[in-house]
Amino acid sequence: GGGTELAFMSTTTSLDVAVQYSLSASSLLFRIVARDFMVIGADLQWLSAFPGEAEMLYPPLTYLKPTGRKEVVKVSRGGDEITFEVVEVEPQMG
């Protein structure tokens, strides 16, 4: 399993930001777990027009390998409860 993003991959370290970008009542989120500093995305917060988004950018062709860990997270937004399936993945850059 897993998949490769062909373009730059914009991510966030903030669950609140990820929830703001979700469009449905049931969404899938990836929790990116970097095992060492060589596979951590670039922190763009210092140059972003929106530093509160806590953006991390990964290069094209970053492969996301599932670790097998999953969980369900429920978040309240605007009076509604949104359910997310959170799948843990490890980035691999080649």
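Undergrad: Break down the pairing of strand S2 (residues 9-12) for me, citing the residues and quoting the values.
TA: Here S2 shows one buried face, formed by Met9 and Thr11, and one open face, formed by Ser10 and Thr12. Bridge count for S2 against strand S5 (residues 55-58) is four bridges, and the pairing is antiparallel. The residue bridging Thr12 from the neighbouring strand is Glu55, located in S5.

Undergrad: With reference to specific residues and values, describe the environment of Val72.
TA: Here Val72 shows up in strand S6 (residues 62-77). Judged by relative accessible area, which is 55%, Val72 ranks as exposed. C-alpha separation for the pair Val72 and Val86, spaced 14 residues apart in sequence, amounts to 6.0 Å. Residues in contact with Val72, not counting those within four places in the same chain, are Thr83 and Phe84.

Each value, and the rule that gives it
Residues numbered from 1 in each chain as written. Predicted model: local features only at pLDDT ≥ 70, side-chain atom pairs only at ≥ 80, totals over all residues. Heavy atoms only, no water. Buried < 20%, exposed > 50% of the residue type's maximum accessible area, 1.4 Å probe, protein only. Helix = DSSP H or I, 4+ residues; strand = E, 2+ residues; numbered from the N terminus. Pairing = 2+ DSSP bridges. Contact = heavy atoms within 4.5 Å.

From the geometry alone we can't say anything about function, so treat these as descriptive.
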